[in-house]
Amino acid sequence: MPKRFKTLISEVRHASATIRIGKAGITEGLIKEIKKNLEAMGVVKVKILRSALTHGDRFELARKVAELTNTKLIEVRGRTFIIASPFGKRKVFKE
C-alpha cells in the first residue's frame, strides 16, 4: 500500500463521517453516493445511525456496503467504518 494512501486513510480516520446510513438502510441511492465519493477521494468514512441497526448488526452492514461498492473494508469502530477503493481502480492515485 503506497505511503500516500496510508496518509489519506489516517486523515479520514480523524475526520467526521461523509456518509450516514439511516433508517432506510442500504439503498440504491446510498450506494451511488458512496461510489461517487470513492471516485473523488478513494477513501470514505461511513456512520451507521442507530435506526439503521434494525437491518442488521454493524459488521454485517459494513461488509454488505463494501461488497456492493466493490471496495475493501479498512476498519469498523463502533458504528463507523472506513472503506477504500482497490488500489488499481483509483483515478486519484495513478501517477
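Not measured: the values here are computed from a predicted model. (Residues numbered from 1 in each chain as written. Predicted model: local features only at pLDDT ≥ 70, side-chain atom pairs only at ≥ 80, totals over all residues. Heavy atoms only, no water.)

**A closer look at unusual backbone geometry**
- The backbone phi angle of Asn70 is positive, close to 55°, even though this residue is not glycine.
- Mapped onto the elements of the fold, Asn70 is located in the loop between helix H3 (58-68) and strand E3 (72-77).
- On the accessibility criterion, Asn70 (52% relative accessible area) is exposed. (Helix = DSSP H or I, 4+ residues; strand = E, 2+ residues; numbered from the N terminus. Buried < 20%, exposed > 50% of the residue type's maximum accessible area, 1.4 Å probe, protein only.)

**Description of the nonpolar core**
- Ranked by internal contacts, the top residues of the largest apolar core, which has 17 residues, are Ile21, Ile34, Val65, Phe81 and Ile83.
- When residues of this core are traced back to their parent elements, those giving at least two are strand E1 (19-21), helix H2 (28-41), strand E2 (43-48), H3 and strand E4 (80-84).
- Residues in contact with Ile34, not counting those within four places in the same chain, are Ile19, Val44, Val65, Thr69 and Ile83.
- Of all hydrophobic cores here, the second largest spans 7 residues; its members include Ile9, Val12, Val43 and Ile82. (Core = buried A, V, L, I, M, F, W, Y, C linked by side-chain atoms within 4.5 Å. Contact = heavy atoms within 4.5 Å.)

**Side note on the pairing of E4**
- Among the 5 residues of E4, 5 are classified as buried, and the element is accordingly described as predominantly covered.
- Going residue by residue along E4, you find Thr80, Ile82 and Ala84 tucked away on one face and Phe81 and Ile83 tucked away on the opposite face as well.
- By the bridge criterion, 5 bridges tie E2 to E4 in an arrangement that is antiparallel. Looking at E4, one finds that Val46 is bridged to Phe81.
- Where E3 and E4 come together, 5 bridges link them in antiparallel fashion. For Lys72, the partnering residue across the bridge sits in E4 and is Ala84.
- In sequence, E3 turns back onto E4 through a hairpin of 2 residues, with Gly78 there showing a positive phi of about 60°. (Pairing = 2+ DSSP bridges.)

That's the geometry; what it means functionally is another story.
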